Amino acid sequence: MAINILVGDAGGNILGEVPLLHIEQVVWRNNGVGQTTATLPLLNLTRYEPLLRFGNTVLLQFDNGLPNWGGIVDTPRSWQAGFFQVNLYSGEQLLEQRLTGKNEIYRQYSVGDLFRSAVVAANARAHTGVEAATPWYGGDLQDLDLHFKPLLDLATELTGDLSTADFYVTPVESDGRITFTAYLVNRRGADLYGVSLVE
């Protein structure tokens, strides 16, 4: 399996590729933040270290049919016997770093529309790096008062406490940028009977 590794700045503008980066297991999490660890030989550190700075965006493109995995470079970083190691967290981590506004009031919103509205409002104050997808309008209507709440906590509450929906963030490379789109849907994925995943 080959992986194309693109790295962008915090705004998603692509800075380059890191072909020598060794990716360990990649984790996608439903309704949560996925993670992977990447290592780079110290011999190549001077060349690639600027790409692996905190807050930079990362896009892993697989050639075996797996969906793209994208996220950000975050702590901790470590130096080990000849290797430099960084932690990468999936795009859902961007939601953890962004807050709702002060005293935002939502009355009679579906969980999907409430989530989309909170992301749009956060982007109006300062770009979050995440766009909101077309919302799912199903489920019970909700009344919420939000006050500087992390968008990840909001998504977790909407999908765990207030409904049985799912949320996730997808990455894509387009026009020289890595972009992220947040979804809150009735149910992620599909049933495929008689299919087994084998690698």
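Here the structure is shown first, and the text comes after it.
Okay, so let's go over this structure. The model shown is predicted, which means the values in this text are computed figures rather than measured ones.

**A look at empty space enclosed by the protein**
Point 1. Enumeration according to the criterion identifies one cavity of 30 Å³ or more in this entry.
Point 2. Computed from the structure, the largest cavity encloses a volume of approximately 40 Å³.
Point 3. What lines the largest cavity is Gly112, Phe115, Arg116, Ala133, Thr134, Pro135, Ala182, Tyr183 and Leu184.
Point 4. Elements with a minimum of two residues in the lining of the largest cavity: α3 (111-125) and β12 (177-185).

**Quick look at the sheet that holds strand β6 (residues 69-80)**
Point 1. One open sheet accounts for seven strands, arranged β2-β1-β5-β6-β7-β4-β3; its pairing is antiparallel. The sheet terminates laterally at β2 (14-17) and β3 (22-26), the two strands that pair on one side only. Across this sheet, the average inter-strand angle for adjacent strands is 30°, counted without regard to direction.
Point 2. Where β3 meets strand β4 (residues 35-41), three bridges bridge the pair, whose relative direction is antiparallel. Among the inter-strand pairings, histidine 22 is bridged to a residue of β4, identified as threonine 39.

**Here's the deal with the pairing of strand β1 (residues 3-8)**
Point 1. Alignment of β1 against strand β5 (residues 57-62), held across six bridges, turns out to be antiparallel. The partner of isoleucine 5 across the bridge, within β5, is leucine 60.
Point 2. Bridge analysis of β1 against β2 gives three bridges, and the strand direction is antiparallel. Bridge pairing in β2 links leucine 6 to glutamate 17.
Point 3. The turn linking β1 back onto β2 is made up of five residues, and glycine 12 within it adopts a positive phi angle of 95°.

**Thoughts on the environment of glycine 70**
Point 1. Along the chain, glycine 70 turns up in strand β6.
Point 2. Each C-alpha atom, one on glycine 70 and one on valine 172, is 7.8 Å from the other, the two residues being 102 residues apart in sequence.
Point 3. Excluding its chain neighbours within four sequence positions, the residues that come into contact with glycine 70 are Val58, Leu59, Tyr89, Ser90, Gly91, Pro171 and Phe180.

**Focus: the sheet that holds strand β11 (residues 166-174)**
Point 1. Spatially, three strands are ordered β9-β12-β11 in an open sheet, and the strand pairing comes out mixed. The two strands at the open ends of the sheet, each matched to only one other strand, are β9 (130-132) and β11. Neighbouring strand axes in the sheet, compared pairwise and without regard to direction, differ in orientation by 30° on average.
Point 2. The pairing of β11 with β12 spans nine bridges and is classified as antiparallel. Paired with valine 169 across the bridge in β12 is alanine 182.

Cut-offs applied
Residues numbered from 1 in each chain as written. Predicted model: local features only at pLDDT ≥ 70, side-chain atom pairs only at ≥ 80, totals over all residues. Heavy atoms only, no water. 1 Å grid on protein atoms, 1.4 Å probe; cavity = no way out; pocket = protein on both sides within 12 Å on 5 of 7 lines; lining within 4 Å. Points joined across faces, edges and corners; volume = space filled by probe spheres on them. Helix = DSSP H or I, 4+ residues; strand = E, 2+ residues; numbered from the N terminus. Pairing = 2+ DSSP bridges. Axes fitted to C-alpha atoms, helices over the stretch in contact; angles between N-to-C directions. Contact = heavy atoms within 4.5 Å.

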